[in-house]
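What follows is the residue order along each chain.
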Amino acid sequence: MKTAFKLTVKDILKRPNFEEAEIVAGKTGLNHVIRWVHIMEVAETGQLLSGNELILSTGVGWREDQQLSCSFLKQLIDHKVSGLCIELGTYVSSIPEEMIELAERNHFPLIVFRSEVRFIDITQDINGLLMDTHYKMMSDLESFSNQLNHLLLSTDGFNNILRLLYRYLNKQMIYVPIEGESLFFPSVEKTDHSALLSSLYSESSGNRKIRQSIQALGHKFADLFILASSEEWTDFDSLVLDRTATALAQDQLRLLYVEEKRKYRENRWVQKWLQNEHSKEEIEQYLSALEPSLKESGCVACLCKLDFSDRQVDFTYYSMIFRSIFDKQGFFPLVTLEQHFTVFALIDKRRKEDWKSRLKHALRQIQGTDLIQDQRFESFHFGAGKRFEALDRLHESYKMAKETFYIQEKTGERDSPFYEELYMYRLISMMKKQDDLQEFILDHIGMVLEFDAKHNSQMFKTLKVYLAANGSKKEAAKHLYVVRQTLYHRIEKLKELLGEDFMQPKKRLAIEFAVHAREFMM
């Protein structure tokens, strides 16, 4: 299918200017690719070469100096030059035997002209060929790209794209998705799959493989491997592979985007579920129709707050990546949007015992994606309700997830996203709703707050730190940045305000609760 878009030493030997040329060494290297032709007469090549040049020389730079001629040749070999053409006669009468042996050992084509030739004619001819080859390559690449664009609109774009790539490269291809089974073009015996796949990620397979990641939006979907040696691989092959990878990524995004749009049509149904407007039977029937193989063990509501600095961002792409991450951790997610919140109704497909660790792992993965790390968010955090085994109790988990957010916003503490790990703040929040919290605070630490207001002191802060240090004067003084004598004086004042027994268990518990409640109310 494809044309060999490369010019080799063997090809240029067929040109009219090389009719009288003689290959004196390196016939095994005639397949070396030529990317440019260059006249060079200096003995020290330095950084003048980039590789794959055909060098023309009269030998004036090294003349009959055997050591200098071998040094010159070795530099060409080290710089991956494709071949050397030497005009005999004016400056060099013959090629030193050592130079011929060096070229032969390194499979380096050494070509001589025994009569005078016009280097200008050679360079003009070869560079013209190179430009013509490049033009044909770009023309064929454009044709290939047009075929890719056409296939992207077909119903089976993915498989057709891989078939087209195979027709162009004619080499074994292996598509290894992050999820799902690997595909082989052409197909190979199933008994050989495991050995072939394990060799792909092994260094022992050497340079026989070319690897191209299929990715978009910072998320990798698959790896595409081409089994080929570096000698067989051309610039055209690389360009074709690169454009194929882009087309495969676009096809994958298209499928995911269509699927995500379909799922957004479920938005209203999920919202009704969260509002407890569906019966248990209706929930089970809907989920069974949506995912027949789904075997749920419980459910939990998870809220994600995303404040976009760029209001034009389409959250569809973000949501589909988040879905994939949740799914890998054993949760079947349904998504709905609510103002600045994205609500995930997570159906747990695995055992109850490790649901928190799996959810934490999913949240860490989401926070580590390029989508979050690209600084497009003003704020980003999660809150999760309790996990219930009964699907018709999801609305309770949803209310708890919202309560988690409320408490996180009030306290600034976001170490844990779980409602169950809010501990004392859950009780504080409930009391606040009953209008009993302020009275409780004043009953237990009102005198401390009043003293601070009158004297502009720090008795409340001292009480908070002293309690947090479990009554350790050394630790409290350290965290308050005061000497112990100052702390002793403040503790005596606290005893006057709260009573000598303020550190006794029952009274201390009430005071400690009042301190947290005061901070919650601030």
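Residues numbered from 1 in each chain as written. Predicted model: local features only at pLDDT ≥ 70, side-chain atom pairs only at ≥ 80, totals over all residues. Heavy atoms only, no water.

*Asks:* I'd love a proper account of the overall build of the protein chain, names of residues and values included.
*Replies:* From N to C terminus, the protein chain includes 19 helices and 15 strands. Across the 522 residues that make up the protein chain, the buried fraction comes to 47%. Across the protein chain, every contact between residues at least 6 apart in sequence was considered, and the portion connecting residues at least 24 apart equals 68%. (Helix = DSSP H or I, 4+ residues; strand = E, 2+ residues; numbered from the N terminus. Buried < 20%, exposed > 50% of the residue type's maximum accessible area, 1.4 Å probe, protein only. Contact = heavy atoms within 4.5 Å.)

*Asks:* Which residues make up unusual backbone geometry, and what are the values?
*Replies:* With an omega of -10°, the peptide bond running from Phe185 to Pro186 counts as cis. Inspection of the secondary structure puts Pro186 in the loop between β9 (183-185) and α6 (193-200). In this structure, Lys80 is a non-glycine residue whose phi angle is positive, near 60°. Here Lys80 lies in the loop between α2 (66-78) and β6 (83-87). Overall, Lys80 belongs to the exposed group, its relative accessible area being 62%. In the Ramachandran plot, His107 falls in the positive-phi region, its phi being about 55° despite a non-glycine side chain. Considering the arrangement of structural elements, one finds His107 in the loop between α3 (97-105) and β7 (110-113). Residue classification places His107 among the partly exposed residues on the basis of a relative accessible area of 43%.

*Asks:* Can you break down helix α11 (residues 355-368) residue by residue, with the values?
*Replies:* For α11, which comprises 14 residues, the first-to-last C-alpha distance of 20 Å matches the rise-based estimate of 20 Å (1.5 Å per residue) to within 8%. Three or more residues of α11 are buried, namely Trp355, Arg358, Leu359, Ala362, Leu363 and Ile366. For α11, the buried positions fall inside an angular range of 135° around the axis, keeping them on one side. (Expected span 1.5 Å × (residues − 1). Arc of directions from axis to C-beta.)

*Asks:* Which residues make up the nonpolar core, and what values do they have?
*Replies:* Nonpolar side chains tend to gather and get buried jointly when the protein is soluble and globular. Core analysis: the largest hydrophobic core is formed by 56 residues, its most contacted members being Trp273, Leu287, Leu334, Ile347, Ile445, Leu463 and Ile511. Here Trp273 is in contact with His278, Ile283, Leu287, Leu334, Ala345, Ile347, Leu391, Leu394 and His395, once residues within four sequence places are set aside. Among the nonpolar cores identified, the runner-up in size contains 54 residues, and Leu162, Ile321, Ile325 and Phe331 belong to it. (Core = buried A, V, L, I, M, F, W, Y, C linked by side-chain atoms within 4.5 Å.)

*Asks:* How would you explain the pairing of β6 if you had to name every residue and give the values?
*Replies:* Among the five residues in β6, five count as buried, and that is most of the element. Direction of pairing for strand β5 (residues 53-57) relative to β6: parallel, over a ladder of four bridges. Residue pairing for β6: Ile55 is matched across the bridge by Leu84. As defined by bridge partners, β6 adjoins β7 across four bridges and the pair is classed as parallel. From the neighbouring strand, Glu87 faces β7, where its bridge partner is Phe113. Handedness of the β6-α3-β7 crossover: right-handed. (Pairing = 2+ DSSP bridges. Right-handed = clockwise from strand over helix to strand, strands pointing away.)

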